Amino acid sequence: MTLCLFFLFLFFSDLPLTNGTFRTRDETDGYAILKFVIGDLKASQGHHNFTIHFTDSEGNSLCEPQTKRVLVIPSWLTIFPPILTAVVAIIFRQVLMALLLGIWLCALLANGYNPLTGILRTLDTYFVGALALESHSEIIIFSFLLGGLIGAVQKSGGAVGLARLLSRYTKSHRSACVVCLVLCLMIFFDDYSCVLIAGNCLRTMMAGIGVSKEKFAFILQSLAPTVSSVIPISSWIGVEVGYVQSALSYSACSKCSTNNATCNPFVVALGTIPYRFFPLLMVWMTIVVCIVSRDFGPMLGAERAVLSLVLAHEPENSSSSSSSS
């Protein structure tokens, strides 16, 4: 999807399209230089033939020229899919439907403005292509298994038992936020697990103690991804090491080409932790907000609204108890 939009933007840009070279790997895991020649292509709207000739450094042809008929659309149209996604998500509060419509609009633009073809390409190309990636499949399977485990825990009463156990330490608004903070820090190995486990176990308890949904969501979403991203034994470390290894493989550093220990992807990923200012500052900010119990912005308004409801129900509860006595 992103590559398709990138080509659409490139073809319509006013920059001249010229020949060039790119580096790739051969069968022996070594590097080879391939040259591409762009022909029969004009940077204007409409249909064009995009022909690629693959040759080696000596000018020998590596394969038959590949020709593709391409529809060039105005570059300003590519901004509409993310706009549509954001608008639908905000208005209807349906993230999956918003993402689906955004992908469909991209497929519509990339396939000659045909709505039916856009639907078909959304299903048989982009959905299938996303599921074919190993990293995407792992996330989907993990989410299904974790969701099933959380459902089994809820049906068996485990969530209620954990909530009752933690309720012993939630005597006030501040203590409830601290308990939520500690539980999120304990579930450091995966952000999805943190949100699902802590969210399902503490949701009723936090509402009963007078903590707004906005502040509860802030604590969860601020700690779950940030803590997991800086812990070297979390589910994030595999992806991070993969990114670093990909960057080092194309690096011109002499140390990296000699298998130096300092250029080990895992060591490099660990060395970046002190410089991850956003997650580290976000963790400290959440800790301060929970302990000091100072709110600001829209969260302050949400907390005041919940407090007013609690205060409004207190006279009713006291009057009902006195009448029953």
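Treat the numbers as computed from the prediction; the structure is a model and nothing was measured.

Undergrad: I'm lost on the overall build of the chain in this one. Help?
TA: Assigned secondary structure in the chain consists of 14 helices and 4 strands. Here the chain holds 325 residues, and 29% of them are scored as buried. Relative to all contacts within the chain whose residues are 6 or more apart in sequence, the contacts with residues 24 or more apart total 53%. Surface summary for the chain: the accessible area is close to 20800 Å², and the carbon and sulfur share equals 67%.

Undergrad: Before we go on, may I ask you to explain the environment of Ala110 in this structure?
TA: Secondary-structure assignment places Ala110 in helix H3 (residues 95-110). Each C-alpha atom, one on Ala110 and one on Ile73, is 8.4 Å from the other, the two residues being 37 residues apart in sequence.

Undergrad: Hey, could you run me through the pattern of salt bridges in this one?
TA: Charged atoms that come close allow side chains of opposite charge to pair. Counted according to the given criterion, the structure contains 3 salt bridges. For the salt bridge of Arg121 with Asp124, the shortest nitrogen-to-oxygen distance reads 2.6 Å. Remark: Asp124 and Arg121 occur in helix H4 (residues 115-132); sequence separation between them is 3 residues, near one turn of the helix. On the basis of relative accessible area, Asp124 is assigned to the partly exposed category, the value being 39%. Note that Glu240 and Arg276 form a salt bridge whose closest N and O atoms lie 3.3 Å from each other.

Undergrad: It is not clear to me how the packing of aromatic side chains should be interpreted in this structure. Could you clarify?
TA: Aromatic ring pairs are defined here through the distance separating the ring centres and the angle between the ring planes. Enumeration over the complete set of coordinates arrives at 2 aromatic pairs. A ring pair is formed by Trp76 and Phe80, whose centres lie 6.1 Å apart and whose planes are at 70 degrees; its orientation type is edge-to-face. An angle of 75 degrees between the planes, with centres 6.3 Å apart, marks the rings of Phe188 and Phe189 as edge-to-face. What makes Phe189 partly exposed here is its relative accessible area of 40%.

Undergrad: Please explain the nonpolar core as it appears in this structure.
TA: Here is a general trend for soluble globular proteins: nonpolar side chains tend to be buried in one another's company. Counting 28 residues, the largest nonpolar core has Cys180, Cys184, Leu202, Met206, Ile219 and Leu223 as the members making the most contacts within it. Setting aside its immediate chain neighbours within four residues, Leu223 contacts Leu181, Cys184, Leu185, Ser228, Val283 and Thr286. By size, the runner-up hydrophobic cluster in this structure holds 6 residues, among which are Leu71, Leu77, Leu105 and Leu109.

Undergrad: It is not clear to me how the packing of helix H9 (residues 213-230) against helix H13 (residues 277-292) should be interpreted in this structure. Could you clarify?
TA: When two helices pack together, their arrangement is given by the angle between their axes and by how far apart the axes lie. Close contact between H9 and H13 brings their axes to 9 Å; oriented N to C, the two are set at 145 degrees. Between H9 and H13 lies a crossing of left-handed hand. Facing Lys215, Phe218, Ile219, Ser222, Leu223, Thr226, Val227, Ser229 and Val230 of H9, the residues of H13 in contact are Pro279, Leu280, Met282, Val283, Thr286, Val289 and Cys290.

Undergrad: How should the environment of Gln245 be read in this particular structure?
TA: Relative to the elements of secondary structure, Gln245 occurs in helix H10 (residues 236-249). What makes Gln245 partly exposed here is its relative accessible area of 48%. For the pair Gln245 and Cys263, spaced 18 residues apart in sequence, the C-alpha separation works out to 9.0 Å.

Undergrad: Even after reading the chapter, I still don't get the side chain of Ser228, so can you show me in this structure?
TA: Take Ser228: it is sitting in helix H9. Its relative accessible area of 1% is what places Ser228 among the buried residues. Within the local environment of Ser228, its side chain forms a polar contact with the backbone nitrogen of Asp191, the two atoms lying 3.3 Å apart. Once residues lying within four places of it in the same chain are set aside, the contact partners of Ser228 are Phe188, Phe189, Asp190, Asp191, Leu223, Ser234 and Trp236.

Undergrad: Explain the environment of Gly112 to me, please; I cannot follow it from the model alone.
TA: Relative to the helices and strands, Gly112 resides in the loop between H3 and H4. Between the C-alpha atom of Gly112 and that of Leu71, which follows or precedes it by 41 residues, the distance is 6.8 Å.

Undergrad: Explain a nonpolar patch on the surface here, please?
TA: Taken together, the side chains of Trp76, Ile79, Phe80, Ile83, Val87, Ile90, Ile91, Phe92, Met97 and Leu101 define a hydrophobic patch exposed on the protein surface, amounting to about 990 Å² of accessible area. For the nonpolar patch, the elements supplying multiple residues, two or more each, are helix H2 (80-92) and H3. The residue Phe80 is located in helix H2 in this model.

Undergrad: Can you walk me through H10 in this structure?
TA: Quick reminder: α-helices carry 3.6 residues per turn. Residues three or four places apart thus point the same way. Between the first and last C-alpha of H10 there are 20 Å, a value that for 14 residues agrees with the 20 Å anticipated at 1.5 Å per step. Every buried residue belonging to H10 is among Ile237, Glu240, Val241 and Val244, and all of these are buried. On an axial view of H10, the arc spanned by its buried residues comes to 100 degrees, and they lie on one face. Residues of H10 that are exposed and point more than 90 degrees away from the buried face comprise Gly238 and Tyr243.

Undergrad: Would you explain the side chain of Arg276 in this entry?
TA: Mapped onto the fold, Arg276 is located in the loop between helix H12 (265-271) and H13. There is a polar contact of 3.3 Å between the side chain of Arg276 and the side chain of Glu240. A polar atom in the side chain of Arg276 sits 3.1 Å from the backbone oxygen of Ala269. Those residues in contact with Arg276 that lie beyond four places of it in its chain are Ser229, Val230, Glu240 and Ala269.

Undergrad: Explain the packing of helix H8 (residues 191-209) against H9 to me, please; I cannot follow it from the model alone.
TA: It is the contact of H8 with H9, at a shortest axis distance of 10 Å, that shows an interaxial angle of 160 degrees. Relative to H9, H8 is oriented roughly antiparallel. Relative to H9, the crossing made by H8 is right-handed. In this structure, H8 contributes Asp191, Cys194, Val195, Ala198, Gly199, Leu202, Arg203 and Met206 to the contact, and H9 contributes Phe216, Leu220, Gln221, Ala224, Pro225 and Ser228.

Thresholds applied
Residues numbered from 1 in each chain as written. Predicted model: local features only at pLDDT ≥ 70, side-chain atom pairs only at ≥ 80, totals over all residues. Heavy atoms only, no water. Helix = DSSP H or I, 4+ residues; strand = E, 2+ residues; numbered from the N terminus. Buried < 20%, exposed > 50% of the residue type's maximum accessible area, 1.4 Å probe, protein only. Contact = heavy atoms within 4.5 Å. Areas by Shrake-Rupley, 256 points an atom, 1.4 Å probe, with all protein chains shown as cover. Salt bridge = Lys/Arg side-chain N within 4 Å of Asp/Glu carboxyl O. Phe/Tyr/Trp six-rings, centres within 6.5 Å; stacked < 30°, edge-to-face > 60°. Core = buried A, V, L, I, M, F, W, Y, C linked by side-chain atoms within 4.5 Å. Axes fitted to C-alpha atoms, helices over the stretch in contact; angles between N-to-C directions. Left-handed = near helix turned anticlockwise from the far one by under 90°. Polar contact = N/O pair within 3.5 Å; in protein donor to acceptor, adjacent residues only side chain to side chain. Patch = residues over 30% accessible without salt bridge, like charges linked within 9 Å, V, L, I, M, F, W, Y side chains within 5 Å. Expected span 1.5 Å × (residues − 1). Arc of directions from axis to C-beta. Parallel < 35°, antiparallel > 145°, perpendicular 65-115°, else oblique.

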